[in-house]
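Residue-level structure breakdown
Residue strings, one per chain:
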Amino acid sequence: SILERNAKETLLYLKRKGIKTAIVTNGEEHFQIAKINQVDLWNFFDIIIISGMIGFRKPDIQIYNMTLEKLGSVPDKTVFIGDNPNTDIIGAKNAGLHTIWKKAQLPWSKEVSLPDFQIEKIEELYSIL
């Protein structure tokens, strides 16, 4: 895994602003933990949800509800940032969250309604959040 330039600085900025953060990832526990270890992100997030540990995966609404509960938040006060329109954005929208699509390798599907915001670089979050 390669971490985007300025990612940790942006996460620290959010933390200093008092914004709670979470990783919600699909995959097997040992693979996802290895990825998080590789880029040393444990201390940058309030919670980390790995689908392989809980039995359901994005876009299942349960994973978003569990994340909201653990963060102590509600959908209309929560923003989900993801790079996969079909799992991240559809699931978050179905759960009532605001959405930000991080443009990456995956193209936008014409069947998916647009996210609230689109970004290309992580530091664009400064002006949105």
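Residues numbered from 1 in each chain as written. Predicted model: local features only at pLDDT ≥ 70, side-chain atom pairs only at ≥ 80, totals over all residues. Heavy atoms only, no water.

**Description of helix α5 (residues 85-94)**
Going by this rule: Buried, partly exposed and exposed residues are distinguished by accessible area as a fraction of the type maximum, computed with a 1.4 Å probe on protein chains only: under 20%, between the cut-offs, and over 50%, respectively. Helix and strand assignments follow DSSP, with helices taken as H or I runs no shorter than four residues and strands as E runs no shorter than two, numbered in order from the N terminus. Whether two residues are in contact is decided by their heavy atoms: any pair within 4.5 Å suffices. Under this definition, polar contacts are N or O atom pairs within 3.5 Å; protein pairs additionally need one hydrogen-donor-capable and one acceptor-capable atom, and for neighbouring residues in sequence, both atoms have to be side-chain atoms.
Within α5, the full set of buried residues consists of Pro85, Thr87, Asp88, Ile89, Gly91 and Ala92. Lining the buried residues of α5 we find α4 (61-71), β3 (79-82) and β4 (98-102). Where α5 begins, the side chain of asparagine 84 points an oxygen toward the backbone nitrogen of asparagine 86, at a separation of 2.8 Å. In the segment just after α5, glycine 96 is the residue with positive phi, at about 90 degrees.

**Digging into unusual backbone geometry**
The linkage connecting lysine 58 with the following residue, proline 59, adopts the cis geometry, with an omega of 15 degrees. Relative to the helices and strands, proline 59 resides in the loop between α3 (51-54) and α4. Phi is positive for asparagine 6, which is not a glycine, with a value near 75 degrees. In this structure, asparagine 6 sits in the segment before α1 (7-16). Residue classification places asparagine 6 among the partly exposed residues on the basis of a relative accessible area of 25%. Of note, the phi angle at aspartate 40 is positive, near 50 degrees, even though the residue is not glycine. Checked against the element boundaries, aspartate 40 lands in the loop between α2 (29-38) and β2 (47-50).

**A few points about the side chain of asparagine 84**
Assignment of secondary structure puts asparagine 84 in the loop between β3 and α5. Sequence-distant contacts of asparagine 84, that is, excluding residues within four places in its chain, are made with Ile89 and Leu106.

**Description of the sheet that holds β4**
Worth spelling out the cut-off: Each pair of strands is called paired provided DSSP finds at least two bridges between the two strands. Structural elements are reduced to axes, namely lines fitted to C-alpha atoms, with helices fitted over the stretch in contact, and the angle between N-to-C directions of any two is expressed from 0 to 180 degrees.
Spatially, β3-β4-β5 is the arrangement adopted by the 3 strands of the open sheet, whose pairing is parallel. Looking at which strands have only one partner, the edges of the open sheet turn out to be β3 and β5 (117-119). The sheet shows a mean angle of 20 degrees between the axes of neighbouring strands, taken without regard to direction. Where β3 meets β4, 4 bridges bridge the pair, whose relative direction is parallel. The residue bridging isoleucine 81 from the neighbouring strand is isoleucine 100, located in β4.

**Notes on the pattern of salt bridges**
One side chain can pair with another of opposite charge once the charged atoms of both are near each other. What counts here: Salt-bridge detection follows one rule: a side-chain nitrogen of Lys or Arg within 4 Å of a carboxyl oxygen of Asp or Glu.
A complete count under the given rule lists 3 salt bridges for this structure. Lysine 102 is the partner of glutamate 4 in a salt bridge, and the nearest nitrogen-oxygen pair spans 3.2 Å. With glutamate 4 in the segment before α1 and lysine 102 in strand β4, this pair connects stretches of sequence that are 98 residues apart. Overall, the relative accessible area of 28% leaves glutamate 4 in the partly exposed class. Classification of lysine 102 by relative accessible area gives buried; the value is 16%. Residue aspartate 88 is joined to lysine 58 by a salt bridge in which the shortest nitrogen-to-oxygen separation is 2.6 Å. Placement of aspartate 88 in helix α5 and of lysine 58 in the loop between α3 and α4 is noted, with a sequence separation of 30 residues between them.

**Overview of the packing of aromatic side chains**
To be explicit about the condition: Pairing of aromatic side chains here covers Phe, Tyr and the six-membered ring of Trp, requires ring centres within 6.5 Å, and sorts the geometry by plane angle: under 30 degrees stacked, over 60 edge-to-face, intermediate tilted.
With the rule as written, the count across this model stands at 3 aromatic pairs. With a centroid separation of 5.2 Å and 70 degrees between ring planes, the pair formed by tyrosine 64 and phenylalanine 80 is classed as edge-to-face. Residue tyrosine 64 is found in helix α4, and its partner phenylalanine 80 is found in strand β3; the two are separated by 16 residues along the sequence. Given a relative accessible area of 2%, tyrosine 64 falls into the buried group. Since its relative accessible area comes to 10%, phenylalanine 80 is described here as buried. Between the aromatic rings of tryptophan 101 and tryptophan 108, the centroid separation amounts to 4.8 Å while the plane-to-plane angle is 55 degrees, which identifies the pairing as tilted. In terms of burial, tryptophan 101 and tryptophan 108 fall into one category: buried.

Everything listed is a geometric property; what it means functionally is a separate question.
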